[in-house]
Amino acid sequence: MFLASRYLAAPLLLTFCKQTKFSNSFLRSPLLATTFSTMSAETVDKVQKTNLMTDKKGKYIRNPSKYRSDEVTGEAGRYHLHIALACPWACGTLSTLFLKGLEDSISHSVVHPTWQKTREDPEDPHCGWVYRKVGDEPLANSLGHGANPCDDALIPDIATNCSSIRDVYALVGDTTGPYTTPVLFDKKENKIISNESMDILRILNSKFNTVAKNPTLDLYPGGEDEKALLELNDKTIYNSINNGVYRCGFAKTQVAYDEAVVELFGALDEVEERISKSRFLISNTQFTWLDLRLFHTLVRFDPVYTCYFKTNQKRISDYPNLLGFIRDVYQIPAVKRSINMNHIKTHYYTSHPHLNTFGIIPFSNGAHLNVPSGRGDELSSL
């Protein structure tokens, strides 16, 4: 899903596709050839460094993750997690870090929520995640609007001493991006282990149990239940909900938006019905990785997506079971610890000037989450 064009050398494209483990059939596909041939060199450079690609029909297409290893030693102090609290994918990995009790074994850093230019070169327009420390000057958006504070949630990158996520990728020779979070970084070998949140969730769940404070906590049930989760993720959760909100928000044609929004609310209706019969996606008792990933999209829905991504057919507050589910999961202490609504709202409303020129941040945080869910005992034991 990375872009290339007729202006880019074929060997470079081939190298990229091999690195990302595309199949030979995909490399030969008409879809790839058609998409690449219609892009200008300037557009190629821009979308390679960000994650805002659309196809010819205006449909949003997420770039694939480049780094997909799970080879870690499990030793304490060796690895570092780069996090954007606004990003649902990154925030899910931070929730897992806290759930497993790995915060003393794997360090992490937190970027500022407002994207900034990552190079002084006026010919390099890239804006992305940057590091700041508490008390630094407030940051405006890329057009100079707003003054978004450097608050006490920021954690500078003391692992690699980088000033931006782009610089982290540059450490391993990556000059094309996209420069996304989360990033699991090996400090000893100076390399990126993974920038795929699904991989990082599984790594944190099982690869560090010898140093975890909660080694018996397992977000992956295994067997038929795991098969059911994967099927549900592929069929409903990922494409229609997790990525569905982005397909709505970054669509560039009415047809693409209409298709995505209908699919999104069809999936929400389905999940609302499903969790009317059980507390979580597959049972009353087993909280899983897919529940966590669903939560991190839903908790951002009313404060951000209904307005910013135009997903306004309903609010999550209009779904009694989904709202109860969010409250349930939010009140798990380790999950609540990873949620920062100021960072969530600030990022979305200040980082894409083409969607919100002046960076005005709406007032509402959505429904209150600290009230009882009405779905049974609290889940504070997790």
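Residues numbered from 1 in each chain as written. Predicted model: local features only at pLDDT ≥ 70, side-chain atom pairs only at ≥ 80, totals over all residues. Heavy atoms only, no water.

**Student:** Just give me the short version of the sheet that holds strand β2 (residues 107-110), but keep the residues and values in it.
**Tutor:** Sheet architecture is open: 4 strands sit in the order β2-β1-β5-β6, paired in mixed fashion. Edge positions in the sheet fall to β2 and β6 (191-194), since each has one partner strand and no second. Strand-to-strand twist of the sheet, defined as the mean angle between neighbouring strand axes without regard to direction, takes the value 30 degrees. Across 3 bridges, strand β5 (residues 183-186) lies against β6 in antiparallel orientation. From the neighbouring strand, leucine 184 faces β6, where its bridge partner is serine 194. (Pairing = 2+ DSSP bridges. Helix = DSSP H or I, 4+ residues; strand = E, 2+ residues; numbered from the N terminus. Axes fitted to C-alpha atoms, helices over the stretch in contact; angles between N-to-C directions.)

**Student:** Could you give an account of the pattern of salt bridges, naming the residues involved and the relevant values?
**Tutor:** Counted under the stated rule, the structure contains 22 salt bridges. One salt bridge connects glutamate 259 with lysine 59, and the closest N-O pair in it is separated by 3.4 Å. Here the residue glutamate 259 occupies a position in helix α10 (residues 254-274), and lysine 59 occupies one in the loop between α4 (41-49) and β1 (79-83), the gap between them amounting to 200 residues. Note that lysine 213 is salt-bridged to aspartate 104, the shortest N-O span being 2.7 Å. With a gap of 109 residues between them, lysine 213 in the loop between α7 (197-206) and α8 (223-242) and aspartate 104 in the loop between α5 (88-100) and β2 connect regions that are remote in the sequence. Bridged by salt links that share partners, the residues Glu75, Arg78, Asp186, Lys188, Glu189 and Lys191 form one connected network. (Salt bridge = Lys/Arg side-chain N within 4 Å of Asp/Glu carboxyl O.)

**Student:** Before we move on, can you summarise the side chain of asparagine 195 with the specific residues and values?
**Tutor:** Here asparagine 195 lies in the loop between β6 and α7. Asparagine 195 sits in the buried class, given a relative accessible area of 6%. At 3.1 Å, the side chain of asparagine 195 and the backbone nitrogen of tyrosine 67 are in polar contact. Among the polar contacts listed, one links the side chain of asparagine 195 to the side chain of tyrosine 169, at a separation of 3.1 Å. Contact partners of asparagine 195, with chain neighbours within four places excluded, come to Ser65, Lys66, Tyr67, Tyr169, Thr180, Pro182, Val183 and Ile200. (Buried < 20%, exposed > 50% of the residue type's maximum accessible area, 1.4 Å probe, protein only. Polar contact = N/O pair within 3.5 Å; in protein donor to acceptor, adjacent residues only side chain to side chain. Contact = heavy atoms within 4.5 Å.)

**Student:** Kindly report on the side chain of lysine 345, identifying the contributing residues and their values.
**Tutor:** With respect to the secondary-structure elements, lysine 345 resides in helix α14 (residues 341-351). At 12 Å, aspartate 302 is the nearest oppositely charged side chain to lysine 345, a buried residue that forms no salt bridge. Ignoring any residue separated from it by four or fewer positions in sequence, one finds lysine 345 in contact with Pro303, Val304, Ile361, Pro362, Phe363, Ser364 and Asn365. (Lys, Arg positive; Asp, Glu negative; His and termini not counted.)

**Student:** Residue-level account of the packing of aromatic side chains, with values.
**Tutor:** Under the defined criterion, the tally for this structure stands at 22 aromatic pairs. Each ring, one from tryptophan 115 and one from tryptophan 129, has its centre 5.8 Å from the other, and the planes form 90 degrees; the classification is edge-to-face. Of this pair, tryptophan 115 sits in strand β3 (residues 112-117) while tryptophan 129 sits in strand β4 (residues 127-130); the two residues are 14 residues apart in sequence, bridging distant segments of the chain. Overall, tryptophan 115 belongs to the buried group, its relative accessible area being 14%. Tryptophan 129 sits in the buried class, given a relative accessible area of 7%. Directly above the aromatic system of tyrosine 246 lies the positively charged group of arginine 62, at a separation of 4.7 Å from the ring centroid. The ring of phenylalanine 98 has arginine 337 sitting right over it, with the charged end atom 3.8 Å from the ring centre. (Phe/Tyr/Trp six-rings, centres within 6.5 Å; stacked < 30°, edge-to-face > 60°. Lys NZ or Arg CZ within 6 Å of the ring centre and 35° of its normal.)

**Student:** Which residues make up the pairing of β1, and what values go with them?
**Tutor:** With respect to burial, β1 is a largely interior element, 5 of its 5 residues being buried. Across 4 bridges, β1 lies against β5 in antiparallel orientation. Counterpart to leucine 81 in the pairing with β5 is leucine 184. In this sheet, β2 lies alongside β1 in parallel orientation, the contact comprising 4 bridges. Its bridge partner being in β2, histidine 80 is matched across the sheet by serine 107.

**Student:** Please give an account of the environment of methionine 341 that cites residues and values.
**Tutor:** Tracing the backbone through its elements, the reader meets methionine 341 in helix α14. Classification of methionine 341 by relative accessible area gives buried; the value is 14%. Considering only alpha carbons, one finds methionine 341 and proline 303, 38 residues apart in sequence, at a separation of 8.4 Å. Residue contacts for methionine 341: discarding those within four places in its chain leaves Val299, Pro303 and Asn365.

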